[in-house]
Structure formats: C-alpha cells, structure tokens
Amino acid sequence: MRYCDFCVMPDSRPGIKFTTLDDGRLKCSACINHENKKNIDYKSRFKELEALCDKHRGRNGKNDYDCAIAVSGGKDSHFQVHIMKEVLGMNPVLFSVEDNFTMTKAGKSNLRNLSEEFGCHIISLKPNIKTQKALMLYTFEKYGKPTWYIDRLIYSYPFAMAAKFNTPLLVYGENVSYEYGGSDAVETPSAKDIFLNGVASDIDLSGVDIDLKDLQLFYDPNSSNLDIDSLEPIYLSYFIKWNSYSNYIFAKSRGFSDLKSEWDRAHTVEDFDQVDSVAYIVHAWMKYPKFGHAMATDYAARFVRYGLMSRDKAIELVKERDHALDPRCVEDFCNFIGISKSKFWQIIEKHYNKDIFAKNEFGEYKLKYGIS
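No experiment lies behind these values; they were computed from the predicted model shown. (Residues numbered from 1 in each chain as written. Predicted model: local features only at pLDDT ≥ 70, side-chain atom pairs only at ≥ 80, totals over all residues. Heavy atoms only, no water.)

> Looking at this structure, I do not really get the overall build of the protein chain. What am I missing?
A tally of regular secondary structure across the protein chain gives 15 helices and 9 strands. In terms of C-alpha radius of gyration, the protein chain reaches 20 Å, essentially the compact-globule figure of 21 Å for 372 residues. For the protein chain, the spread of C-alpha atoms along the principal axes amounts to about 70 × 55 × 40 Å. Expressed as a percentage of its 372 residues, the buried residues of the protein chain come to 56%. Within the protein chain, contacts between residues separated by at least 24 positions form 74% of all contacts whose residues are at least 6 apart in sequence. Accessible surface, the protein chain: about 16,300 Å² in total, of which carbon and sulfur atoms supply 49%. Across the protein chain, 49 positive and 52 negative side-chain charges occur, with their mean positions spaced 1 Å apart. (Helix = DSSP H or I, 4+ residues; strand = E, 2+ residues; numbered from the N terminus. Rg over C-alpha atoms; globule rule 2.2 N^0.38 Å. Buried < 20%, exposed > 50% of the residue type's maximum accessible area, 1.4 Å probe, protein only. Contact = heavy atoms within 4.5 Å. Areas by Shrake-Rupley, 256 points an atom, 1.4 Å probe, with all protein chains shown as cover. Lys, Arg positive; Asp, Glu negative; His and termini not counted. Charge placed at Lys NZ, Arg CZ, Asp CG, Glu CD.)

See below:
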C-alpha cells in the first residue's frame, strides 16, 4: 500500500489514481480534483443549473412537482433541498429509502426536520424485510457487501419514482468517485452512470433463494424497460463547489441533528455523516478488511483537504479509530439479520485482504503497511 502524501488515502481504494509529482511525492486523484476546484467558474456553472431548472419549471402544472431529490435526511439532503427549493424556486418531491435498522434519535429527527423546515413531501420506501434479510446475508457472506440490497434501492428507487411522477430532473448530491476517488471519476453533471461507482453495481444473485417478483424497484435503469433517456439525473456537486463539512454547518443552522450528545462511534472521526441508523454503517466499515481503510480515513482525508486538520493529526486518528468497528453497530446488525456475533466475525475474517493484512501473535489482523 502507498499513501497520498497530501491526505491519508491509500492506493488500495478501488479506482483511485495516484500521481507522482516532480518532487517525488504522491498525490491522489481526490486531492487533485479538490485542488482543481479553484480553477472552476462556479458562477457560470450555476447559470447552467438555473437554465436546467427553467427547462423543467412548472412542467406538470403551476402547483405540481417539477423536480425530484433523492434524500436520506442527512446534512447533504438539507443542503440539496435548500438549493433546489429556496434558492432556485423549484417545487421538489423528495424520495427516500429506509434501511429497516434501528434508527438513531438524530435520524428520526432529521427526516422530520427536512420536511418541516423546508415544507416538502417525502415519499419513503420501506423495503421488503424478508427479501432484505435473505439478500443481506448472501451478499455479506459472498461479497462483503452487507447493505447492497439497500444501497441498490437508494439508487434505483428515485429513478423509478422520477419516471412515475414525470419529474425527470432528479437531483443527487456529490459524484462520489470524482469527489473522493473512484474508477469512474469523471467530472460530469449527469448522474445517469451513478450505478457504476461500485456501491450498487450488478452482482450475481443466482445463489440466493429469493422471488424475483420482490425486486420490482431493484434494477439498473440502464438495463431495464425504464427509458433512461427520459430522465435527467444530475449531481449538484458539478454546479456548486461541494464541501461536505460546509453542508453540515448549513444543515445544523436549519435544525439538523448530529450525534454529538447521543453516540461517540468508535470507528469514525466525526459525528455528522451517515447518522440515520445504527447498523447501516457496517457497510462503510467493510472497506477496512477489504481495502485497509474505512470511515475514519474517508473523513480525515476530507478534513485535510478542506484545511480543517493537519495530516499528522489525521494519521493519528486513522491509526486510533479506522479499525475499531463500533460494537453497537455489530449488535444491531446481528439482531436484524438473525446471526450470532461469532458468525458475524467469522464472515468478516473471510473478507480480510491477505495481501495487505497479516495476523499478529494474538490472532488479530494488522495492516502490513502502516501510514506515516
């Protein structure tokens, strides 16, 4: 493993690219893309967004929905709704997917606050729990992707609903691959290829006993009977200089709740991202055994890029927290899916990448290549 000399991201992150500078230092594509933002004319891009809104404004009548926003209730959702409704004057309908796990107090509060603060309808899908449990266990064991079923719906459900509501302008937050490093890291306003970012891409389900009738909203729009060309999904991060910490500060000013007084999660360096439920973030931590980095690395890297933290401090936090999956997450996940904690850790062990991990004398997996 090699690490970016400007943040703390390793080159084991899928799809991330490293550039060797003239002085020999390594710089990851996420740092390069972030630095390049200073050369972008965001005033001009915002005018593009205004023109796009004007194209769709009032398309279903003066008082009906004219765009859709995919939301979770989080900090970015608050910012997206503010921009589309309050700044641009659109009339959005919000589409959300529940994950069926135990919700935090903050999660319950935030989804309600999003509707109450901005005056929007939220149409939320509560997925088929029977199918979810069967698929979760299968994808967890075989692929190390415990929430793939939910993540797929988070992407596919808004596409399907936007088509049903005739709101082709469908708004997502950031282009994850471009902002943070990934194989399809192309700066583009279009979110039509959002399924390519690896989180919810196609996997083989032939080994799981499920009824395909239960997967109605569960597809890649590019390979379904949905006319993808009839939709115009966009990344808001293309048109506006995206900063997840700034979004948090804004959201907090509008009633968003973080976990500061509720839960100090063992494996994170912040208390405001993915705060909606307890077990869901097991999926984000699964990057650790597979790729040697997880949520602590993700946000420590962002904080360094944003100028909010020194790289030395980021390294300290990554070493302290990245590996330490919070036991509360494990308990909630196991209770939901119906497996023991010992079974959980047996599955985790199968997914440790032996190229970057080795067992120590206590039987614990440790990274072979430490960050410095």
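Right, picking up where we left off after that structure.
> I keep staring at the pattern of salt bridges and nothing clicks. Help me out?
When charged atoms on two side chains of opposite charge get close, those side chains can pair. Here the structure, examined in full by the defined rule, presents 24 salt bridges. The residue Arg45 makes a salt bridge to Glu187 at a minimum N-O spacing of 2.7 Å. Note that Arg45 is positioned in helix α2 (residues 42–56) and Glu187 in the loop between α7 (176–180) and β7 (232–235), a separation of 142 residues in sequence. The exposure class assigned to Arg45 is buried, which follows from its relative accessible area of 11%. Among the residues examined, Glu187 registers a relative accessible area of 30% and is labelled partly exposed. One salt bridge connects Glu116 with Arg112, and the closest N-O pair in it is separated by 3.6 Å. (Salt bridge = Lys/Arg side-chain N within 4 Å of Asp/Glu carboxyl O.)

> I keep staring at the pairing of strand β6 (residues 169–172) and nothing clicks. Help me out?
Two faces, one strand: in a regular strand the side chains alternate between the faces of the sheet. Residues Leu169 and Val171 line one face of β6 and the alternating positions Leu170 and Tyr172 line the opposite face, and both faces are buried. As paired strands, β6 and β7 are joined by 4 bridges and run parallel to one another. Each bridged residue has a counterpart across the sheet, and for Leu170 the counterpart in β7 is Pro233. (Pairing = 2+ DSSP bridges.)

> Looking at this structure, how should I read the pairing of strand β3 (residues 67–70)?
Burial along β3 is two-sided: the residues Cys67 and Ile69 and Ala68 and Ala70 are all buried. Relative to strand β4 (residues 92–97), β3 is paired through 4 bridges, and the arrangement is parallel. Residue pairing for β4: Ile69 is matched across the bridge by Leu94. Crossover β3 to β4 through helix α3 (residues 75–87) is right-handed. Strand direction decides the pairing type here: β3 and β6, joined by 2 bridges, are parallel. Paired with Ile69 across the two strands is Val171, which belongs to β6. (Right-handed = clockwise from strand over helix to strand, strands pointing away.)

> In this structure, what is going on with the nonpolar core? I would like to understand it.
Side chains that are nonpolar tend, in soluble globular proteins, to be buried together. Tyr172, Phe333 and Phe344 are the most contacted members of the largest nonpolar core, which totals 93 residues. Element by element, the count of residues in this core is highest for helix α6 (residues 148–164), at 9 residues. Not counting the four nearest positions on each side in its chain, Phe344 is found in contact with Phe140, Val282, Leu325, Val330, Phe333, Cys334 and Ile339. Cys53, Phe79, Leu94 and Leu114 belong to the second-largest nonpolar core, a separate cluster that totals 27 residues. (Core = buried A, V, L, I, M, F, W, Y, C linked by side-chain atoms within 4.5 Å.)

> Any chance you could explain α2 here in plain terms?
An α-helical segment advances 3.6 residues per turn. Residues three or four places apart therefore align on the same side. Taking 1.5 Å per residue as the helical rise, α2 with its 15 residues ought to reach 21 Å, and the 21 Å between its terminal C-alpha atoms agrees with that figure. All buried positions along α2 are accounted for by Tyr42, Arg45, Leu49, Leu52, Cys53 and His56. Seen from one end, α2 has its buried residues packed into an arc of 100 degrees, which puts them on one side. Seen from the open side of α2, the exposed residues pointing more than 90 degrees away from its buried face are Lys43, Lys47 and Lys55. Those residues of α2 hidden inside the fold are in contact with α3, β6, β7 and α8 (236–239). Two or three places before Lys43, at the start of α2, stands the capping residue Asp41, its side-chain oxygen 3.3 Å from that residue's backbone nitrogen. Gly58 lies just past α2 and shows a positive phi near 70 degrees. (Expected span 1.5 Å × (residues − 1). Arc of directions from axis to C-beta. Polar contact = N/O pair within 3.5 Å; in protein donor to acceptor, adjacent residues only side chain to side chain.)

> Whenever I open this one, the packing of aromatic side chains confuses me. Can you help?
The geometry of an aromatic ring pair is captured by the separation of the ring centres together with the interplanar angle, meaning the angle of the planes. For the structure shown, the criterion picks out 28 aromatic pairs. Both rings, one in Tyr155 and one in Tyr172, keep their centres 6.5 Å apart while their planes meet at 80 degrees; by these two values the pair is edge-to-face. You can see Tyr155 sitting in helix α6 and its partner Tyr172 sitting in strand β6, a full 17 residues away along the chain. Across the pair, exposure class does not vary: Tyr155 and Tyr172 are buried alike. Seen in terms of ring centroids, Tyr245 and Phe272 are 5.9 Å apart; in terms of plane orientation they differ by 65 degrees. Their pairing is edge-to-face. (Phe/Tyr/Trp six-rings, centres within 6.5 Å; stacked < 30°, edge-to-face > 60°.)

> Looking at this model, I keep getting lost on the sheet that holds strand β5 (residues 122–125). Mind explaining?
Paired through their backbone hydrogen bonds, the strands of a sheet run either parallel or antiparallel. Across the sheet, which stays open at both edges, the 5 strands sit in the order β5-β4-β3-β6-β7 with parallel pairing between neighbours. In this open sheet, the two edge strands, each paired with only one partner strand, are β5 and β7. Neighbour to neighbour, the strand axes of the sheet diverge by 25 degrees on average, direction disregarded. Pairing between β4 and β5: 4 bridges, direction parallel. Counted as the bridge partner of Phe95 is Ile123 from β5. Against the sheet, α6 makes contact with β3, β4, β5, β6 and β7, and its axis sits at roughly 145 degrees relative to β4, the strand it touches most. (Axes fitted to C-alpha atoms, helices over the stretch in contact; angles between N-to-C directions.)

> Even after reading the chapter, I still don't get helix α5 (residues 129–143), so can you show me in this structure?
Here α5 contains 15 residues, and its C-alpha end-to-end distance of 20 Å stays within 8% of the 21 Å for a straight helix at 1.5 Å per residue. Residues of α5 that are buried sit in contact with α6, α14 (327–337) and α15 (341–350). Of the residues flanking the start of α5, the one acting as N-cap is Asn128, its side-chain oxygen 3.0 Å from the backbone nitrogen of Lys130. Note on α5: the residue one or two positions beyond its end, Gly144, has a positive phi of about 70 degrees.

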